[in-house]
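# Observations on chain architecture
Here's the letter readout for the chains.
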Amino acid sequence: MKKRGIGFATMFYGTGYGNGFPDVSTAIAELRKDGKVAIYVGATEVGQGAKTIMSQIPAEVLGLQVEDIIFINEDTSITPDAGTAAASRQTYNTGNAIKKAAEALREEIIKIAVEILAVNSDTGLVIKEGKVYIKTFPSRKVTFTEIAEKIGDELLRKEATFIAHSTQMDEETGQGSPYWPYTFGACGVEVEVDTETGYVEIIKATVAQDVGKAINPTLIEGQIDGGFAMGYGYAVLENLNVVKGYIKNNRFTNYLIPTAMDMPEVDKIIVEDPESTAPFGAKGIGEPVMVYVAPAILNAIYNAVGVRMAEIPVTPEKLLKALSQNK
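Definitions and limits used
- Residues numbered from 1 in each chain as written.
- Predicted model: local features only at pLDDT ≥ 70, side-chain atom pairs only at ≥ 80, totals over all residues.
- Heavy atoms only, no water.
- Helix = DSSP H or I, 4+ residues; strand = E, 2+ residues; numbered from the N terminus.
- Rg over C-alpha atoms; globule rule 2.2 N^0.38 Å.
- Buried < 20%, exposed > 50% of the residue type's maximum accessible area, 1.4 Å probe, protein only.
- Contact = heavy atoms within 4.5 Å.
- Areas by Shrake-Rupley, 256 points an atom, 1.4 Å probe, with all protein chains shown as cover.
- Lys, Arg positive; Asp, Glu negative; His and termini not counted.
- Charge placed at Lys NZ, Arg CZ, Asp CG, Glu CD.
- Axes fitted to C-alpha atoms, helices over the stretch in contact; angles between N-to-C directions.
- Parallel < 35°, antiparallel > 145°, perpendicular 65-115°, else oblique.
- Nonpolar A, V, L, I, M, F, W, Y, C, P; charged D, E, K, R; others polar.
- Pairing = 2+ DSSP bridges.
- Patch = residues over 30% accessible without salt bridge, like charges linked within 9 Å, V, L, I, M, F, W, Y side chains within 5 Å.
- Salt bridge = Lys/Arg side-chain N within 4 Å of Asp/Glu carboxyl O.
- Polar contact = N/O pair within 3.5 Å; in protein donor to acceptor, adjacent residues only side chain to side chain.
- Core = buried A, V, L, I, M, F, W, Y, C linked by side-chain atoms within 4.5 Å.

Below, the discussion takes up the overall build of the protein. Each helix and strand counted, the protein has seven helices and 13 strands in total. Taking 2.2 N^0.38 as the reference for a compact globule, 327 residues should give roughly 20 Å; the C-alpha atoms of the protein span a radius of gyration of 25 Å, well beyond that estimate. Once the C-alpha set of the protein is aligned to its principal axes, its extents read approximately 85 × 45 × 40 Å. Counting only residues that meet the buried cut, the protein has 45% of its 327 residues in that class. Considering only contacts within the protein whose residues lie at least 6 apart along the sequence, 73% involve residues at least 24 apart. Of the roughly 16900 Å² of accessible surface on the protein, 52% is carried by carbon and sulfur atoms. Charge centroids of the protein, computed over 31 positive and 42 negative side chains, lie 2 Å from each other.

What follows is the structure, encoded as structure tokens:
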């Protein structure tokens, strides 16, 4: 017999290293001779879209197209340290460092433009599409390339560092403010449980995720899909099967993960509540989008068959055993 159930789970998640651990990112913004801007940063791309997001941020600050940003990373000989691609911290931490560096570069560009345009103030100057011009007299302008030529052989470079707020918790009381910022989310899942085979199928799911501000909604949706797949596998499929210290399921023929054929349609709701300390309000969501998936699935299984599973993954064997004991 096949029975259906619905389950929900919510979560809040502190991004960054937390608990007083130094959480520092540094970036460099450089105006090149061709008028493009190079960003030097140690941030690592692990599929989360770092190179895209961290090109969009300086492009927005400097009024450029993303194509005009040269993103240089993962080269320790020329890039400053930006910390690890972990703890869902890169968009917030390193994004802030890049934004600060780009803003400092923008200030210098405008100072030089004031001199070239022979105006007595930077009031009313607009920076857009690789040009600085007078808002009320747009034909009076100077390009980034001309500004770079004015400087001569020396490149215009600005470095900036961002340190995230993090306070160590009191060891005696366990109280404190270990993280900032926090992100919030909820997940709803409908499952179908075959009580004869113990097989659990995910029918459909909905995820609502607080992202602060969606810099790139497409990448956010991709992260939600990826997080759901990981939580799905964690809940019902992925089993290392460690016996006396040895991993028995040591290859993908027996360590099962969800495939594209297993994935349900996930309805994704992007909740925007801009974070005042974040770059353009954006929070990191790399890990949070996985947290609520397994609890929601387990709650749905309980709703379907009345059995509360306390061990994951909920393999068919475990579920059939629990069902027989519940009779």
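Before going further, it helps to examine the packing of helix α2 (residues 90-117) against helix α3 (residues 144-151). Two numbers describe how α2 lies on α3: the axes approach to 10 Å, and their chain directions differ by 85 degrees. Comparing the axis directions of α2 and α3 gives the class roughly perpendicular. Contact residues: α2 offers Ile-109, Ile-112, Ala-113, Glu-115 and Ile-116, while α3 offers Phe-144, Glu-146, Ile-147, Lys-150 and Ile-151. Looking at side-chain class alone, the contact of α2 with α3 contains seven nonpolar, no polar and three charged residues.

Further remarks concern the sheet that holds strand β6 (residues 131-134). For sheets, the rule is that strands pair by backbone hydrogen bonds, running either parallel or antiparallel. Within the open sheet, the three strands sit side by side as β5-β6-β7. Their pairing is antiparallel. At either end of the open sheet lies a strand with only one pairing partner, and these are β5 (125-128) and β7 (137-143). With direction set aside, neighbouring strand axes in the sheet form an average angle of 30 degrees. Relative to β7, β6 is paired through four bridges, and the arrangement is antiparallel. Bridge pairing in β7 links Lys-131 to Thr-143. Of the strands in this sheet, β5, β6 and β7 touch α3, which is tilted by about 45 degrees from β7.

Together, Leu-240, Val-242 and Ile-247 make up an exposed nonpolar region whose accessible area comes to about 260 Å². With respect to the helices, strands and loops of the structure, Ile-247 is situated in strand β12 (residues 246-247).

This paragraph deals with unusual backbone geometry. Across the junction of Trp-180 and Pro-181, the peptide omega takes the value 5 degrees, indicating a cis bond. On the secondary structure map, Pro-181 appears in the loop between β8 (156-163) and β9 (182-194). Cis geometry is adopted by the peptide bond preceding Pro-313, which originates at Ile-312 and carries an omega value of 0 degrees. Mapped onto the fold, Pro-313 is located in the loop between α6 (293-305) and α7 (316-325).

Turning next to the side chain of Gln-209. Mapped onto the elements of the fold, Gln-209 is located in strand β10 (residues 200-210). Polar side-chain contacts of Gln-209 include one of 2.7 Å to the side chain of Tyr-292. Dropping the residues within four chain positions of it, Gln-209 is found in contact with Met-11, Thr-183, Phe-184, Gly-185, Ile-224, Ile-269, Ile-270, Val-271, Ile-285, Pro-288, Val-289 and Tyr-292.

Here Asn-73 is to be found in the loop between β4 (69-72) and α2. With relative accessibility at 11%, the residue Asn-73 sits in the buried group. A distance of 2.7 Å separates a polar atom in the side chain of Asn-73 from the backbone oxygen of Ala-43. Leave out the neighbours within four places in its chain, and Asn-73 touches Val-41, Ala-43, Thr-44, Glu-45, Lys-51 and Thr-79.

Let's shift gears to the nonpolar core. Membership of the largest hydrophobic core comes to 43 residues, with the highest contact counts inside it found for Leu-31, Ile-109, Val-132 and Ile-147. Among the elements that line this core, the one with the most residues is α2, at 12 residues. Apart from the residues lying within four places of it in its own chain, the contact partners of Leu-31 are Lys-36, Val-37, Leu-105, Ile-109, Phe-144, Ile-147, Ala-148, Leu-155 and Leu-156. One finds Ile-202, Val-236, Ala-294 and Met-309 within the second-largest nonpolar core, a separate group that totals 37 residues.

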